[in-house]
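# Geometric and topological summary
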Amino acid sequence: MSAVEPQVLIVGAGPAGLAAAVTAAHHGAQVLVVDEQARPGGQIWRRPDPGAGGPDPLAGPAYTAGRTLLARAAAHPRITFAHDTTAWGVFGTRTTPDGFAAPPGTPVPEGPRVAVHGPAGVEILLPRALLLTAGAYDLPVPMPGWTLPGFFTVGGIQALLKGHRTLAGRRIVLAGAHPLLLIAAAQLVRAGADVAEVAFAQGLPGPAELTRALAALPGNRAKVTEGTTAVRTLRQAGVPIRTHTLILRAEGADHVTGAVLARVDRNWRPIPGTERTVACDTVGTGYGFVPSTELARQAGCAATWNGPAGGWVLVHDHAMRTTLPHIWAAGELTGVAGAEHAVATGKRAALDICLSLGILTTADHDRELTAVDRELATTMRMAKLLESTCAPDRAALNALADDDTPLCRCEEVSYGQIRCTMRDNPGLGTADAVKLLTRAGMGPCQGRMCGPALVELLHQETHIPRETLGPFTARPPIKPLPLAALAEAHATTTRTAAPPIDTDTDMS
Ligand SMILES: Cc1cc2nc3c(=O)[nH]c(=O)nc-3n(C[C@H](O)[C@H](O)[C@H](O)COP(=O)(O)OP(=O)(O)OC[C@H]3O[C@@H](n4cnc5c(N)ncnc54)[C@H](O)[C@@H]3O)c2cc1C
């Protein structure tokens, strides 16, 4: 890592983080951007390692904004990148002198201590302002066969293609409800894959949705063009795109050999007698995204349930401030709303950070705000349209799993085991309580895979509101970390000679 002192630390080099970095640096802030990936770009602008050869995944008009932002960030003298670096804990945000956690919002005299692990080992960073832009991940949807090799989320298939120039399989079925299915299918076709079918659980938009779509069009034409271009590519390649079609399960003994699909009614309930199997070696499901709020929640930032926006999202004000001092958030973890909106929220957060740090005058801040607020409003119209037309029917998806279906794949806990635990302990009312009794959510992914499905199962079984049930408590390290690195954390001196993190008290 560079020796630059991070005046502003940004976790995540996706659209939100990059836009924030460029905006803050432009106004004079020294910015350090950490990202666990090898190159900046986040999910949508993911690229292969330098020198990997082959066509640039960011070629084409849909990625003009990404290419420009990446180039500006790379060239800016006040922006430093720390790649392959994971932020795994945020400390000192709400701890009173006696060691007990104070309520969210309690002022603290200094900024947070951010523990990162990268090529240089563990470091503790002491930014004056911390901006979290950790993005989102595909909503995992358990169903029979979902742990078979060959079963992916569509984002995983796309990440292999963009980041490693690798086709996930030879014959691929994509199924779900999100337009990313179309984008990824077209990318796969162009890369030479055999896409057997793209299946959408919902129907074609009705008159009311088309009216809303027309209203969302101004300022969002590029997004619409990307979708229509993808459909044209698929039509030309003869790929069937079906609506009212749900994937029920994947078949196969030790690898996916087929996808079982069925016609569904408007509530995504399968219509008896319509089941059919499509032979394939790869399945990709795409039902939207889950905001990656673990680090923020571990820090103590408040989150709230917002199903259409992805589930648990961070509470924030109009300036992207979280409920904790010194910590801002932008992009998908404030609500899944697409890359363009992530960019706008990143800029909005950066303006407020610069104002708070005293490096931007109120007059300059307000002048820039007008354009950014317009951008936010435009991009939010498209986000709301996608929310209303593509949100997953969580109850219908929950019904796909049978008692033998693994729910927590890390700890190998099935739906049946969870149901049994619920029957034996009728008072259980939170995801954390079920986790303690079953170990679901205690594995290496820390519940990122099973958390949303567990909350839905509990909600369907008990009718307790989802916002009461979850999420799992987030603990450091929020992502896997070598034990040696953790041990070193005690001895690590910080860049500003702050005390090492107290893992005894903070890592309960
Ligand atoms: C797999 C996937 C593929 C997608 N593909 C498309 C697409 O093709 N087209 C499209 O329009 N939208 C796509 N989306 C949606 C798209 O991700 C978002 O709209 C947009 O990228 C959000 O920008 P962001 O900056 O909020 O987050 P992201 O782009 O997700 O960026 C977040 C960054 O934070 C980093 N990060 C997360 N946690 C940590 C941590 N603890 N420490 C260090 N770094 C961390 C990640 O490595 C990532 O680089 C995709 C989403 C996913 C999940």
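Since this is a predicted model, take the numbers as computed values, not measurements.

### A look at the sheet that holds strand β15 (residues 276–279)
A sheet is described by the order of its strands in space; here three strands give the open sequence β13-β14-β15, paired in antiparallel fashion. The open sheet has two edge strands, β13 (245–251) and β15, and neither has a second partner. Along the sheet, successive strands turn relative to each other by an average axial angle of 30°, direction set aside. Sheet analysis places β13 next to strand β14 (residues 258–263), joined by six bridges and oriented antiparallel.

### Observations concerning empty space enclosed by the protein
Across all of its chains, the model carries three cavities of 30 Å³ or more by this definition. Reported here for the largest cavity is a volume of approximately 310 Å³. Along its surface, the largest cavity is lined by 24 residues, and Tyr137, Arg297, Gly447, Pro452 and Pro471 are the ones closest to its centre. Of all elements in the fold, only β17 (289–291), α7 (294–299), β19 (311–314) and α13 (451–462) reach the threshold of two or more residues within the lining of the largest cavity. Here the lining of the largest cavity gets three residues from one element, more than from any other, and that element is α13. Of the residues that constitute the lining of the largest cavity, the class distribution is 11 nonpolar, seven polar and six charged. Formed jointly, the lining of the largest cavity draws a minimum of three residues from each of two domains, domain 1 (8–137 + 290–360) and domain 3 (401–469). Roughly 120 Å³ of internal volume is contained in the second largest cavity. The wall of the second largest cavity is formed by Leu139, Pro140, Val141, Pro142, Arg394, Leu397, Asn398, Tyr415, Pro452, Ala453 and Glu456. Counting only elements with at least two residues in the lining of the second largest cavity, the list comes to α10 (394–398) and α13. Here the residues of the lining of the second largest cavity sort into eight nonpolar, one polar and two charged.

### Notes on the domain arrangement of the protein chain
Its domain assignment divides the protein chain into domain 1 (8–137 + 290–360), domain 2 (140–284) and domain 3 (401–469). Put simply, the middle of domain 2 and the middle of domain 3, counted by C-alpha atoms, are 27 Å apart. The partner domain 3 presents 10 residues to the six residues of domain 2 that form the contact. Between domain 2 and domain 3 the total buried area reaches about 700 Å² when both faces are included, carbon and sulfur atoms providing 65% of it. Ranking the residues of domain 2 by area buried against domain 3 places Pro140, Pro142 and Trp146 at the top, with a combined share of 66%. At the boundary of domain 2 and domain 3, one finds zero salt bridges. Linking domain 2 with domain 3 are two residue pairs in polar contact (both at pLDDT 80 or more). The residue inventory of the side of domain 2 that touches domain 3, partitioned by class, reads five nonpolar, one polar and no charged.

Rules used in this analysis
Sequence order sets the numbering: in each chain, residues are counted from 1 along the sequence as written. Local features in this predicted model are restricted to residues of pLDDT 70 or higher, and side-chain atom pairs are both shown and tallied only at a pLDDT of 80 or more, whereas totals for entire chains, interfaces and linings draw on every residue. With hydrogens and water set aside, each side-chain value is computed from the structure's full complement of heavy atoms. When DSSP finds at least two bridges between two strands, those strands are taken to pair. Numbering goes from the N terminus for both helices and strands, where a helix is a DSSP run of H or I of at least four residues and a strand is a run of E of at least two. Where helices are involved, their axes are fitted lines through C-alpha atoms of the stretch in contact, as for all axes, and angles between N-to-C directions lie from 0 to 180°. Both site types are read off a 1 Å grid over the protein atoms alone. A 1.4 Å probe that fits but cannot get out defines a cavity, while an open set with protein on both sides within 12 Å along at least five of seven lines defines a pocket; lining residues have an atom within 4 Å of a point. Grid points are joined across faces, edges and corners, and a volume is the space filled by probe spheres set on the points. Under the grouping applied here, Gly and all other residues not named as nonpolar or charged are polar, the nonpolar ones being Ala, Val, Leu, Ile, Met, Phe, Trp, Tyr, Cys and Pro and the charged ones Asp, Glu, Lys and Arg. Note that the domain bounds reflect an automated or database-derived domain assignment. Whether two residues touch is decided by their heavy atoms; if any such pair falls within 4.5 Å, the residues are in contact. A 1.4 Å probe defines the accessible area here, and the buried area is the portion of it lost by two parts on being joined, summed over both. When a carboxyl oxygen of Asp or Glu is within 4 Å of a side-chain nitrogen of Lys or Arg, the pair counts as a salt bridge. Distance and chemistry together define a polar contact, namely a pair of N or O atoms within 3.5 Å, with one atom able to donate a hydrogen and the other to accept it when in protein, and with adjacent residues in sequence counting only for side-chain atoms on both sides.

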